[in-house]
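Overview (structure and organization)
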Amino acid sequence: MAQAFLLPFEEPLVRLRDRIDELSAVGTPASELAILEAHLEALTGEIYARLSAWEKVQLCRHPLRPTTLDYIGSLIEMFVELCGDRNFADDKAIVTGIGSFRGQSVAIAGHRKGRSAKENAERNFGMPRPEGYRKAKRLFELADLFSLPIVTFIDTAGAHPGLDAEERGQSEAIGSCIAALARVTVPVVSLVVGEGGSGGALALGVGNRVLLQRFATYSVITPEGCASILWRTSARAPDAADRLKVTSQDLFSLGAIDNIVDEPARGAHVDPESAIRSVGDAIAASLDSLRHLSPDALREHRYARFRAIGRFAGGAPSCDR
Amino acid sequence: MNPNPFKKCDGCGVILMATLFVHGVCPECEHHHSIGHKAWLDLLLDEGSFAAWDDKLTPTDPLNFVDDVAYPARLASAQKKTGLLDAIVSGRGNIEGRAVVYTASAFEFMGGSMGSVVGEVITRAFEHAVTHSLPIVLLSASGGARMQEGILSLMQMAKTVAARERLRDAKLPFISVLRHATFGGVAASFALQGDIHLAEPKALIGFAGPRVIEQTIGQTLPEGFQRSEFLVEHGMVDRIVHRHRLKGEIATILRLLGR
């Protein structure tokens, strides 16, 4: 099947796949096809093992990559979307709601990038405005009130940089959203399922467990933004991506994420079903691992988790006089 | 070397004896110039009352970050320039006799950016405030999260905000003073989570930088955009306070809050 959008490093693999399918259709002996299949597998392994940080950024932004709505659609039963921040508007760049995950009621919040131009206009490319963060905050408080575990899906280039967003207090909205998530006394599982772009991503990312798919990325600033500041040109984004250490392996070694969720060999978009299943299993395992914690212990656990992040020397407390 | 005895105002352009710019404020147009971390301390705290906390915390280079200059070289030059180990000053001091935790960004150290050390010192400041049952006066001036420490800088946003929430639970006041300029990961974490927000006149405060916004919306921004006055107008800041009246105003607020 032809894929609608191809990244440069996907091309040779897709060409070979198509060739094998053609040969299979004209009755090529199975033994010959098996050799080609083995070659394809080896080539796939080779290319994906050597992907640069920048190529992984492209992969995590792949337009066909499963999004929050795909995960909700497959993993959540009886999903009831909740809309609006009760103050200004409903921001469609963040989806929030309640539903049932494998028999358990949960609250869900996630960024939603659009698939089409029309949807991207409606959802602002998944870049929330203050009302989006205030809607998420409302959901977290609702979840806390009714003791529902929280699952968040992170996938955004960042919070919307715009005049209207500044007028309505983008900074305060993000900070308050972080505070709300830090305070809740229910389990919080956060998954980066695409692009984790700076504070706009972190606002949904204060989890007891923070997980990242193998080809997802998480960064303090977009590689383009970093390159613009350092070298005055976004053309050097590939260098910035490398310096910023945005890949799952790097983030894991820096202690920023707790686990890497397995992803199909060529990325989630190639086999969404399997990617979604892995994410579902990871959510279930994470919730299970938090089951023994009391409400207060859950908040304390989250505090300790983030409290421990950072690297410095000379750190012995020195507040006693 | 004698420093230049004259200073030109960045606001109105007048050239006067430098000593006339008391605490960096132009006597002609009241323009507030940036002043250093020592000057801030002198401005707000009672003489001799300050005792530094957590001032041995030293940044490292967890990402081996190199652009045109390696991160350790940038740190070394900022340390030499400022006499600080990182972009933050924190400790205990008195404001008109009232004990407070005093924590202040040093904008002159890599734009006041927040990496692991700044995040840790601010987190500890909130924790010390709870331990010692003191209010906190926190002065922000920062370009945001420090790129050179990557994801670790981003995570300081969650760490500091969570610590701020502990202060809220302890019912201790957090007075946030917003200085020129406060942006990005500092604005979007603790800086705009104060119980009371005071801002310096005409300070630039926002989430995204004006240049980024102009590129996004493809038009020039209105005059006064993201200035303190704009934030008051949009309900994000309680009061704009002249630098010469800041100490007195903070003391009054502490007194009214029973501290």
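Look up: the structure comes first, before these words.
Along chain A, the regular secondary structure elements total 14 helices and 9 strands. Along the three orthogonal principal directions, the C-alpha set of chain A runs to about 75 × 50 × 40 Å. Burial statistics for chain A: of 321 residues in total, 55% are counted as buried. Across chain A, contacts joining residues at least 24 apart in sequence account for 72% of those joining residues at least 6 apart. On chain A, roughly 13100 Å² of surface is accessible, and the fraction owed to carbon and sulfur atoms is 54%. Between the mean site of the 37 positive side-chain charges and the mean site of the 41 negative ones, chain A shows a separation of 5 Å.

The pairing of strands in a sheet happens through backbone hydrogen bonds and is either parallel or antiparallel. All names here are of chain B. The strand order across the open sheet built from 7 strands is E3-E5-E6-E7-E8-E9-E10, with neighbouring strands paired in mixed fashion. The open sheet has two free edges, formed respectively by strand E3 (51–52) and strand E10 (239–240), since each of these has just one partner strand. Pairing geometry for E3 and strand E5 (residues 88–95), over 2 bridges, is antiparallel. Residue alanine 51 lies in a different strand from E5, and its bridge partner there is arginine 92.

Take the interface of chain A and chain B next. Tallying the contact residues gives 56 residues for chain A and 64 residues for chain B. When the two sides are added together, the surface that chain A and chain B hide from each other amounts to roughly 5200 Å², 64% of it contributed by carbon and sulfur. The interface formed by chain A and chain B includes 6 salt bridges. For B:Arg166, the salt bridge is made with A:Glu300, and the minimal N-O distance between the two is 2.6 Å. Elements represented by at least two residues in the side of chain A that touches chain B include exactly helix H7 (163–167), helix H8 (170–183), helix H9 (198–202), strand E7 (217–219), helix H10 (223–231), helix H11 (237–244), helix H14 (295–307) and strand E9 (312–313) of chain A. Tallying contributions element by element places H8(A) first for the side of chain A that touches chain B, with 10 residues. Considered class by class, the residues forming the side of chain A that touches chain B number 28 nonpolar, 14 polar and 14 charged.

Let's shift gears to the nonpolar core. One finds A:Phe140, A:Tyr218, B:Tyr102 and B:Ile250 to be the most contacted residues of the largest nonpolar core, which totals 133 residues. If one sorts the elements of this core by residue count, helix H4 (residues 150–169) of chain B sits on top with 10 residues. Those residues in contact with B:Tyr102 that lie beyond four places of it in its chain are B:Trp40, B:Leu41, B:Leu44, B:Leu45, B:Phe50, B:Val89, B:Ser90, B:Gly91, B:Val137 and B:Leu139. Formed by 24 residues, the second largest nonpolar core is a distinct cluster that contains A:Leu75, A:Val189, A:Ala275 and A:Ala282.

What follows is about H4(B). Residues and elements named next belong to chain B. The terminal C-alpha atoms of H4 lie 31 Å apart, and with 20 residues this matches the ideal 28 Å at 1.5 Å per residue to within 8%. H4 sits mainly inside the fold: 17 of its 20 residues count as buried. One or two positions beyond H4, positive phi appears at lysine 171, with a value near 55°.

Here is what the cut-offs are and how they apply
- Residues numbered from 1 in each chain as written.
- Chains lettered and ligands numbered in written order.
- Predicted model: local features only at pLDDT ≥ 70, side-chain atom pairs only at ≥ 80, totals over all residues.
- Heavy atoms only, no water.
- Helix = DSSP H or I, 4+ residues; strand = E, 2+ residues; numbered from the N terminus.
- Buried < 20%, exposed > 50% of the residue type's maximum accessible area, 1.4 Å probe, protein only.
- Contact = heavy atoms within 4.5 Å.
- Areas by Shrake-Rupley, 256 points an atom, 1.4 Å probe, with all protein chains shown as cover.
- Lys, Arg positive; Asp, Glu negative; His and termini not counted.
- Charge placed at Lys NZ, Arg CZ, Asp CG, Glu CD.
- Pairing = 2+ DSSP bridges.
- Buried area = accessible area lost by both parts, 1.4 Å probe.
- Salt bridge = Lys/Arg side-chain N within 4 Å of Asp/Glu carboxyl O.
- Nonpolar A, V, L, I, M, F, W, Y, C, P; charged D, E, K, R; others polar.
- Core = buried A, V, L, I, M, F, W, Y, C linked by side-chain atoms within 4.5 Å.
- Expected span 1.5 Å × (residues − 1).

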